[in-house]
Amino acid sequence: MKTIYQRPESLTSATSIYCPGCGHGIVQKLIAEVIDELELRTRTIGVAPVGCAVLSYDYFNFDVTEAAHGRAPAVATAIKRLLPNRIVFTYQGDGDLAAIGTAEIIHAATRGENFSVFFVNNAVYGMTKGQMAPTTLPGQKTTTTIYGRKAETHGFPLKICELLSSIDGVIYLERTTTSDIPGIMATKKAIKRAFSLQIENKGLSLVEILTSCPTNWKKSPIESMKWIKEVMEKYYPVKVFKEPSVAKI
Amino acid sequence: MGTEEMKIKLLNGCEASAEGALSAGCKFYAGYPITPQNRYPEYMSKRMEETGGIFIQAESETSSINMVFGAAAAGFRCMTSSSSPGISLMQEGISYLSGCELPAVIVNMSRGGPGLGDVTPSQADYFQSTRGGGHGDYRTIVLAPWSCQEIHDHTYMAFDLADRYRNPVVVLGDGLIAQMYETVKIRPKKKRFPKKPWALDGCYGRKPNSLKSLFLTPGVLEAHNWKLAAKFAKIEKREVRFESYYCKDSTYIVVSYGTCARITKEAIDRARGEGINIGLFRPVSLWPFPYQQLAECIRTAKKILVVEMNLGQMIDDVKIAAANSSARIFFYGRPGGGVPDPDEIYREIKKK
Ligand SMILES: Cc1ncc(C[n+]2csc(CCOP(=O)(O)OP(=O)(O)O)c2C)c(N)n1
């Protein structure tokens with residue numbers, strides 16, 4: 001018998017308790033595959049802050065630490081500065097990175113810290129059951145915007161890649177999607193790019209990944225994929241915002 | 001400057017504490033400016049560069065303490081310093097450090113509050129320091145130095161205690177100690193350090209490590225808390241520190257700590273000169289508090305005076321220690337950055 005597919009070594013055999021159709025499982029598997037392919041498992045340290053990211057402590061088969069809500073970039077800063085030969089990444093939700101932890105990501109970016117950020121944008125607060133996130137779309141219904149997000153009362157969505165692209169310390173910024181297979185493959189490529197740039201000591205890299213949260217969106221997994229494609233990707237264009245050749249001034 | 005060969009230096013409390021940290025092998029400092037301890041990050045920025053450590057001026061105290069969390073997770077001796085409002089911002093992080101059993105040192109050069117308060121010396125952070133400070137059932141070891149030499153020694157010792165118990169340790173100074181200059185005998189550099197098999201540095205040749213305070217399976221968090229409780233009980237048994245002056249057979253005991261105790265001691269010397277049978281009890285570890293030792297000290301006491309630079313916080317612990325004593329307990333305090341002078345305390349001693 002020939003093995004054509006197996007679980008990456010960077011994932012444990014624990015059964016995932018993410019909801020059916022949740023994007024976290026997809027992204028975590030991609031990260032694990034890339035770490036295996038680049039042979040980084042025994043020198044990687046993951047930082048997973050509060051949010052549905054906390055479940056990953058049981059799934060990643062390499063060193064991982066908790067971080068307080070929003071503070072992963074501060075935690076990762078210290079780890080990478082003290083262990084510059086290790087590979088350090090943060091894995092953050094949109095409430096985490098774009099609300100409570102906005103200061104931490106912006107300042108890690110301005111300092112040009114040399115770690116990678118995987119930013120999981122599912123347009124809601126997943127773990128706390130679906131409140132408005134800074135990334136919630138105009139008109140989107142959540143448990144704290146029951147009539148839909150309105151600009152007058154709830155403000156506008158925060159576009160993180162667009163925001164960070166003005167910061168010199170950021171070397172690589174790409175927004176990807178998980179709404180279809182080509183999108184997932186492109187996401188994997190972006191994750192690989194981020195790790196490769198870290199190995200080359202280039203500075204902060206961030207991949208924003210548009211993902212689904214069917215449970216809180218109150219949609220089926222298939223409807224969720226459609227919604228990412230038809231609604232989220234319109235508001236959050238999938239593209240490279242910054243890369244080394246462009247970043248060099 | 002040839003710091004290695006110079007053994008005695010004239011330093012202020014920030015510098016003395018920083019040198020204690022460096023002698024103890026501190027490799028990481030993150031901080032944010034706040035008076036009266038601005039000298040601390042300034043001094044560390046220079047000294048970390050000279051000693052091959054990492055200095056980061058963080059964007060906030062929230063970030064400082066979480067950087068310290070990362071440094072501790074990676075297995076390095078690490079610290080931050082701040083003053084009261086900044087220490088308030090750090091409380092969530094300190095709770096996480098304790099919950100994840102990570103060693104770190106936090107120096108608080110406390111100032112007058114509440115709110116923005118002022119920048120003068122205060123002891124109003126006693127409750128915050130000794131009762132955990134953040135959320136959850138945890139404690140931090142709290143050391144209260146009264147001189148530049150002591151803050152040097154306490155900071156050095158704080159790193160060993162933090163590693164020994166895998167818990168954050170607070171060195172509680174104030175604006176007075178932060179800014180006064182005294183000669184300090186510098187401790188030699190520590191050479192041997194405890195191993196940290198739990199640290200995160202990549203899982204080469206071992207199973208992956210994970211650090212967390214989150215335990216969702218029913219009963220597991222409770223078990224984790226019981227484990228912490230056993231550790232705290234051990235600390236209470238082993239790490240009590242105090243000093244007493246003329247306590248034996250005294251009928252009048254003054255209890256005071258930190259710089260306030262130093263001021264009080266002058267008043268006590270004067271009162272003793274006049275034949276008053278008075279002694280001073282000075283808790284050096286505020287947690288664990290020397291309950292038994294104080295109870296012993298006040299056995300013959302008829303009067304106890306607690307002197308603090310606040311509205312009366314340590315007095316709660318004195319009352320616990322004095323539960324079986326018939327002595328009357330008085331309080332004299334100066335809140336909001338007020339600093340008593342020896343004459344004032346002497347007058348209070350006579351009044352009671
Ligand atoms: C200081 C603090 N505030 C609030 C919370 C509660 N909380 C836990 S997860 C979460 C939202 C996480 O949402 P997001 O970052 O978008 O991640 P997701 O769960 O959607 O993956 C919040 C608000 C907390 N744990 N700590």
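Residues numbered from 1 in each chain as written. Chains lettered and ligands numbered in written order. Predicted model: local features only at pLDDT ≥ 70, side-chain atom pairs only at ≥ 80, totals over all residues. Heavy atoms only, no water.

Draft legend 1. Broad picture of the overall build of chain B. For chain B, the count of helices and strands is 13 helices and 15 strands. Relative to a compact globule of 352 residues, whose C-alpha radius of gyration would be 20 Å, chain B shows 20 Å and is just as compact. With the C-alpha coordinates aligned to their principal axes, the bounding extent of chain B is approximately 70 × 55 × 40 Å. Sorting the 352 residues of chain B into buried and exposed places 58% on the buried side. Across chain B, contacts joining residues at least 24 apart in sequence account for 80% of those joining residues at least 6 apart. Computed over 45 positive and 37 negative side-chain charges, the inter-centroid distance for chain B is 6 Å. (Helix = DSSP H or I, 4+ residues; strand = E, 2+ residues; numbered from the N terminus. Rg over C-alpha atoms; globule rule 2.2 N^0.38 Å. Buried < 20%, exposed > 50% of the residue type's maximum accessible area, 1.4 Å probe, protein only. Contact = heavy atoms within 4.5 Å. Lys, Arg positive; Asp, Glu negative; His and termini not counted. Charge placed at Lys NZ, Arg CZ, Asp CG, Glu CD.)

Draft legend 2. Here's a closer look at the site of the ligand. Taken together, 17 residues are adjacent to the ligand, and A:His24, A:Asp94, A:Gly95, A:Asp96 and A:Gly126 come closest. Near the ligand, the surrounding residues belong to chains A and B. Note that an oxygen atom of the ligand is positioned 3.2 Å from one of the backbone N or O atoms of A:Val124. Of all the secondary-structure elements, those providing two or more residues to the shell around the ligand are helix 3 (94-100) and strand 5 (124-125) of chain A. (Near = heavy atom within 4 Å. Polar contact = N/O pair within 3.5 Å; in protein donor to acceptor, adjacent residues only side chain to side chain.)

Draft legend 3. Structural view of the layout of surface pockets. All names here are of chain B. By volume, the largest pocket amounts to about 380 Å³. Lining the largest pocket are 19 residues, with Ser 95, Gly 99, His 135, Ser 213 and Leu 221 positioned closest to its centre. Mapped onto the lining of the largest pocket, the elements with two or more residues apiece are helix 5 (91-99) and helix 9 (220-238). (1 Å grid on protein atoms, 1.4 Å probe; cavity = no way out; pocket = protein on both sides within 12 Å on 5 of 7 lines; lining within 4 Å. Points joined across faces, edges and corners; volume = space filled by probe spheres on them.)

Draft legend 4. Quick peek at the sheet that holds strand 3 (residues 87-93) of chain A. Across the sheet, 8 strands lie side by side as 9(A)-7(A)-8(A)-4(A)-3(A)-1(A)-2(A)-9(B); this open sheet has mixed pairing. At either margin of the open sheet sits one strand with a lone partner, and together these are strand 9 (240-242) of chain A together with strand 9 (210-211) of chain B. As defined by bridge partners, strand 4 (residues 116-121) of chain A adjoins strand 8 (residues 204-210) of chain A across 6 bridges and the pair is classed as parallel. Bridge assignment links A:Phe118 to a residue of strand 8 of chain A, and that residue is A:Val207. Across the sheet, helix 7 (residues 181-199) of chain A lies against strand 3, strand 4, strand 7 (170-177) and strand 8 of chain A, angled at about 165 degrees from strand 7 of chain A, the strand it touches most. (Pairing = 2+ DSSP bridges. Axes fitted to C-alpha atoms, helices over the stretch in contact; angles between N-to-C directions.)

Draft legend 5. Seen up close, the domain arrangement of chain B. All names here are of chain B. Its domain assignment divides chain B into domain 1 (4-190 + 213-238) and domain 2 (242-351). Counting residues at the interface gives 33 residues for domain 1 and 31 residues for domain 2. A combined buried area of about 2,500 Å² lies between domain 1 and domain 2, and 57% of that area is made up of carbon and sulfur atoms. Three residues stand out in domain 1 for area buried against domain 2, namely Gln 123, Tyr 126 and Trp 146, and they jointly supply 36% of the buried area on that side. For the interface between domain 1 and domain 2, the tally reads 3 salt bridges. Taken together, the links from domain 1 to domain 2 amount to 16 residue pairs in polar contact (both at pLDDT 80 or more). Put simply, the parts of the chain that give the side of domain 1 that touches domain 2 at least two residues each are helix 6 (126-130), strand 6 (141-143), helix 7 (148-165), strand 7 (168-174), helix 8 (175-179) and helix 9. Each residue belonging to the side of domain 1 that touches domain 2 can be placed in one class, and the counts come to 16 nonpolar, 9 polar and 8 charged. (Domains from an automatic or database assignment. Buried area = accessible area lost by both parts, 1.4 Å probe. Salt bridge = Lys/Arg side-chain N within 4 Å of Asp/Glu carboxyl O. Nonpolar A, V, L, I, M, F, W, Y, C, P; charged D, E, K, R; others polar.)

Draft legend 6. Quick look at the packing of aromatic side chains. Tallying each qualifying case throughout the model produces 17 aromatic pairs over all chains. Between A:Phe89 and A:Phe195, the aromatic rings sit 5.9 Å apart at their centres with planes inclined by 85 degrees, giving edge-to-face as the arrangement. One end of the pair, A:Phe89, is in strand 3; the other, A:Phe195, is in helix 7, with 106 residues separating them in the sequence. Their ring planes at 5 degrees and their centres at 5.8 Å tell us that B:Tyr29 and B:Tyr40 sit as a pair that is stacked. Placement of the pair is B:Tyr29 in strand 2 (residues 28-31) and B:Tyr40 in helix 2 (residues 39-51), with a sequence separation of 11 residues. (Phe/Tyr/Trp six-rings, centres within 6.5 Å; stacked < 30°, edge-to-face > 60°.)

Draft legend 7. Just the nonpolar core, in detail. In this structure, B:Phe28 and B:Met79 are the most contacted members of the largest nonpolar core, which totals 119 residues. Among the elements that make up this core, the one with the highest residue count is helix 7 of chain B (8 residues). Among the domains, domain 1 (4-190 + 213-238) and domain 2 (242-351) of chain B are the pair contributing at least three residues each to this core. When residues no more than four places from it in sequence are discounted, the contact partners of B:Met79 are B:Ala21, B:Cys26, B:Phe28, B:Tyr29, B:Ala30, B:Tyr40, B:Met44, B:Val68, B:Val105, B:Val107 and B:Phe159. Among the nonpolar cores identified, the runner-up in size contains 35 residues, and A:Ile35, A:Leu55, A:Ala190 and A:Ile191 belong to it. (Core = buried A, V, L, I, M, F, W, Y, C linked by side-chain atoms within 4.5 Å.)

Draft legend 8. Quick look at the pattern of salt bridges. Taken as a whole and assessed by the stated rule, the structure comprises 42 salt bridges over all chains. When the shortest N-O distance is used, the salt bridge between A:Arg111 and B:Glu59 registers 3.0 Å. Note that A:Arg111 is positioned in the loop between helix 4 (102-110) and strand 4 and B:Glu59 in the loop between strand 3 (54-57) and helix 3 (61-73), a pairing that runs across two chains. A:Arg111 gets classed as partly exposed once you look at its relative accessible area, which sits at 24%. In this structure B:Glu59 comes out as buried when scored by relative accessible area, which is 16%.

Draft legend 9. Layout of the packing of helix 1 (residues 23-37) of chain A against helix 7 of chain A. Residue and element names in this part refer to chain A. In contact at an axis separation of 9 Å, helix 1 and helix 7 are set at 50 degrees when each is read in the N-to-C sense. Our classification of the angle between helix 1 and helix 7 gives oblique. Considering only the axes of helix 1 and helix 7, their crossing is right-handed. Residue-level inspection shows Ile 26, Val 27, Leu 30, Ile 31, Glu 33, Val 34, Ile 35 and Glu 37 of helix 1 in contact with helix 7, the latter providing Ile 184, Thr 187, Lys 188, Ile 191, Lys 192 and Phe 195. Counted by class, the contact of helix 1 with helix 7 contains 9 nonpolar, 1 polar and 4 charged residues. (Parallel < 35°, antiparallel > 145°, perpendicular 65-115°, else oblique. Left-handed = near helix turned anticlockwise from the far one by under 90°.)

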